[in-house]
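Fold and contact review
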Amino acid sequence: MRKKTIINTIVIATLLLAVGVNIHERWNKTPEITDERVLKTFIPQADSFKKRQGPFLYFEIYSNHRLTGYAFNTKDLVPDAKGYSGPIEVLAAVDTACKITDLKILRSDETPDYSEDIAKPEFLGQFKGKGPGDGFIIGKDIEAVTRATISCAAISRTLDIAVHKMQGLINGTKLSEVKGARHLNLDIYFYITVLIITFLVVVFYLKMSWLRYTGLMISIIYFGFIKANFISMSNLSSIFLWNLPDPASNIAWYVFVISALVLTFLLGAFYCTYMCPFGGLQIFLNKIFRINIEISSRLAGNLRKIKFALLWILAMAALLLNNPNVVNYEPFSTVFLRKGNLIAWTIAGVVLILSLFHYRPFCRYFCAAGAFFEMLTECGRKVLGIDAKKR
Amino acid sequence: MQKRDRLFIVLAGLLTILFAYEIYMNISREISNRPAEISSPQIDVSEVLNKLKEAGLEPKEAKYYKVIDE
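Residues numbered from 1 in each chain as written. Chains lettered and ligands numbered in written order. Predicted model: local features only at pLDDT ≥ 70, side-chain atom pairs only at ≥ 80, totals over all residues.

1. Regarding the environment of Asp141(A)
Residue and element names in this part refer to chain A. Considering the arrangement of structural elements, one finds Asp-141 in the loop between α5 (121-124) and α6 (149-171). The class of Asp-141 is partly exposed, set by 14 C-beta atoms lying within 10 Å. Considering only alpha carbons, one finds Asp-141 and Ile-288, 147 residues apart in sequence, at a separation of 45 Å. Leave out the neighbours within four places in its chain, and Asp-141 touches Gly-135 and Phe-136. (Helix = DSSP H or I, 4+ residues; strand = E, 2+ residues; numbered from the N terminus. Buried ≥ 20, exposed ≤ 12 C-beta atoms within 10 Å, placed from the backbone. Contact = placed C-beta atoms within 7 Å.)

2. Looking at the packing of helix α8 (residues 209-226) of chain A against helix α12 (residues 277-289) of chain A
All names here are of chain A. Running from N to C, α8 and α12 point in directions that differ by 130°, and their axes come no closer than 8 Å. In terms of orientation, α8 and α12 fall into the oblique class. Every pair of crossing elements has a handedness; the one defined by α8 and α12 is left-handed. Facing Leu-216, Ser-219, Ile-220, Phe-223 and Gly-224 of α8, the residues of α12 in contact are Pro-277, Gly-280, Leu-281 and Ile-283. For the contact of α8 with α12, the per-class residue count stands at six nonpolar, three polar and no charged. (Axes fitted to C-alpha atoms, helices over the stretch in contact; angles between N-to-C directions. Parallel < 35°, antiparallel > 145°, perpendicular 65-115°, else oblique. Left-handed = near helix turned anticlockwise from the far one by under 90°. Nonpolar A, V, L, I, M, F, W, Y, C, P; charged D, E, K, R; others polar.)

3. A few points about the nonpolar core
All names here are of chain A. Ala-71 and Ala-92 are the most contacted members of the largest nonpolar core, which has 103 residues in total. Sorting elements by how many residues they give to this core places α6 first, with eleven residues. When residues of this core are assigned to domains, at least three map to each of domain 2 (36-177) and domain 3 (185-390). Those residues in contact with Ala-71 that sit more than four places away from it in its chain are Leu-39, Ile-43, Phe-49, Tyr-58, Phe-59, Ile-61, Leu-91, Ala-92 and Ala-93. (Core = buried A, V, L, I, M, F, W, Y, C linked by C-beta atoms within 7 Å. Domains from an automatic or database assignment.)

4. Details of the pairing of strand β3 (residues 66-73) of chain A
Residue and element names in this part refer to chain A. In this sheet, β3 lies alongside strand β2 (residues 57-63) in antiparallel orientation, the contact comprising five bridges. Directly across from Tyr-62, in β3, lies its bridge partner Leu-67. From the end of β2 to the start of β3, which pair antiparallel, there are two residues, and Asn-64 there has a positive phi angle of about 50°. Across five bridges, β3 lies against strand β4 (residues 88-95) in antiparallel orientation. When the bridges of β4 are listed, Phe-72 appears paired with Ala-92. (Pairing = 2+ DSSP bridges.)

5. Description of helix α7 (residues 188-206) of chain A
Residues and elements named next belong to chain A. For α7, built from 19 residues, the straight-helix expectation of 27 Å at 1.5 Å per residue is met to within 8% by its first-to-last C-alpha distance of 27 Å. Tyr-189, Thr-193, Ile-197, Leu-200 and Val-203 are the residues of α7 that are buried. Take α7 and look down its axis: the buried residues cluster within an arc of 115°, on one side only. Opposite the buried face of α7, by more than 90 degrees, sit the exposed residues Ile-188, Tyr-191, Leu-195, Thr-198, Val-202, Tyr-205 and Leu-206. Against the buried residues of α7 lie α8, α10 (251-267) and α11 (270-275). Positive backbone phi, approximately 55°, marks Lys-207, located one or two places after α7. (Expected span 1.5 Å × (residues − 1). Arc of directions from axis to C-beta.)

6. Section: the packing of α7(A) against α8(A)
Residues and elements named next belong to chain A. It is the contact of α7 with α8, at a shortest axis distance of 9 Å, that shows an interaxial angle of 155°. Judged by the inter-axis angle, α7 sits roughly antiparallel to α8. Crossing angle aside, the handedness with which α7 passes α8 is left-handed. Of the residues in α8, those in contact with Ile-192, Ile-196, Phe-199, Leu-200, Val-203 and Leu-206 of α7 are Leu-211, Arg-212, Gly-215, Ile-218 and Tyr-222. Of the residues in the contact of α7 with α8, the class split is nine nonpolar, one polar and one charged.

7. What about the sheet that holds β2(A)?
Residue and element names in this part refer to chain A. Read from one edge of the open sheet, five strands run β1-β2-β3-β4-β5, paired in antiparallel fashion. Both outer strands of the open sheet, β1 (48-53) and β5 (100-108), are each paired with one neighbouring strand and no more. Looking at each pair of strands side by side, their axes are set apart by 20° on average, direction ignored. Lying on the sheet, α6 is in contact with β3, β4 and β5; it crosses β4 at an angle near 45°.

8. Regarding the domain arrangement of chain A
All names here are of chain A. Taken domain by domain, chain A holds domain 1 (1-30), domain 2 (36-177) and domain 3 (185-390). Measuring from the centre of the C-alpha atoms in domain 1 to the corresponding centre in domain 3 gives 25 Å. Every contact between the two is made by nine residues of domain 1 and, on the other side, six residues of domain 3. Along the lines of polarity and charge, the residues of the side of domain 1 that touches domain 3 split into five nonpolar, two polar and two charged.

9. Concerning helix α13 (residues 297-321) of chain A
Across its 25 residues, α13(A) extends 37 Å between first and last C-alpha, which sits within 8% of the 36 Å expected from 1.5 Å per residue. When we look at burial in α13(A), the residues that qualify are Leu303(A), Ile306(A), Lys307(A), Leu310(A), Leu311(A), Leu314(A), Ala315(A), Ala317(A), Ala318(A), Leu319(A) and Leu321(A).

10. Remarks on unusual backbone geometry
Residues and elements named next belong to chain A. Although it is not a glycine, Ala-228 sits at a positive phi angle of roughly 50°. Here Ala-228 lies in the loop between α8 and α9 (233-240). Here Ala-228 falls in the buried class, since 22 other C-beta atoms lie within 10 Å of it. One non-glycine residue, Arg-360, lies in the positive phi region at around 45°. By secondary structure assignment, the location of Arg-360 is in the loop between α15 (342-357) and α16 (361-366). Arg-360 gets classed as buried once you count the C-beta atoms within 10 Å, which come to 23.

Okay, structure coming up:
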């Protein structure tokens with residue numbers, strides 16, 4: 001048997017095994033505990049709690065033997081609440097008038113760069129005192145954390161529905177009558193995203209280099225620095241683990257991701273060549289010095305294997321730990337969100353300096369998401385039967 | 001092997017080590033933050049906090065608690 005066949009068999013077998021482990025873990029997952037011990041640390045001034053099971057699980061809060069409020073895990077009231085990378089659970093306490101008194105993020109699969117900020121009192125504190133009938137609109141009533149609008153909107157919407165449901169329970173209103181309807185939100189970002197992607201498709205067919213650079217510049221500015229939209233291994237893992245944001249309020253994100261996948265499958269390397277803001281940034285940096293240090297094709301071929309090895313390792317890690325955030329290693333968020341630890345900044349610095357002298361080093365050798373897109377391109381080529389040179 | 005090839009091997013090796021460290025840190029953070037530890041049935045957190053207060057200490061609420069035998 002050839003060496004390549006053995007490696008392919010091992011890769012496929014281990015990935016299938018990891019998928020099996022992931023399904024097993026999801027099947028046997030024990031629910032998050034919201035018991036008295038957690039509640040006591042959350043509301044230390046309370047004397048006792050009474051567990052209640054109505055249409056959903058909640059706790060009555062007692063101080064000096066008097067009912068002072070209610071506590072609940074938003075997951076029990078709004079099970080479909082999802083942030084950018086999956087479910088968000090908030091432990092909330094309300095007073096007897098259903099006004100929020102305390103909040104704590106119990107669980108979120110958001111990227112740590114985002115989740116650290118949304119758990120801070122600066123953001124959560126804005127909800128204190130709000131109840132049914134108060135405004136929960138992001139940008140108007142609540143100030144979102146910069147570049148974490150999806151997560152903030154998810155928390156705000158969840159709390160809005162939860163306090164209405166809680167009030168409905170207290171007042172004896174039918175739960176079907178309480179607030180909770182969702183509408184598709186075709187906001188300005190949706191139209192801008194559609195417009196830019198349409199422009200990039202036109203650029204792809206016209207094959208004019210100045211138009212391509214214009215398109216890349218738009219991608220860097222809008223998808224990179226303004227919206228921080230890029231496809232990283234975390235995003236791909238979220239998609240395959242089905243940890244997706246709420247489509248009703250994040251339609252622009254869906255347009256971006258679906259366009260990237262479909263256009264790469266149909267047109268070949270579309271995302272990496274035209275849409276990726278980090279790829280574009282490396283191209284522009286390489287244009288500055290016009291000095292291209294080339295390495296031998298043998299070494300380049302060997303270095304290219306690193307990104308495929310990373311793709312396999314990270315896919316295994318995401319599946320086995322069932323968390324897309326563990327595979328976050330790319331310098332994308334460090335550069336576009338300007339957030340990261342010392343290691344992340346060192347990686348970003350080395351990659352960007354290297355880009356000055358070598359064409360797209362990260363894309364060519366280290367981008368696991370890029371390796372996935374290469375496989376998708378190859379898959380599209382085989383399925384559609386198109387010659388790579390004709391694309 | 002050319003000089004520039006050697007330089008690239010060093011740089012690629014350095015970056016791979018940094019990536020591996022970043023991924024290792026992510027994984028170890030995920031393992032230590034598993035929800036099972038948040039509300040371990042063996043700990044009455046409020047009791048521990050009260051005892052610390054009684055002892056004249058000023059305990060800060062921790063995000064995670066771990067039971068250490070003995």
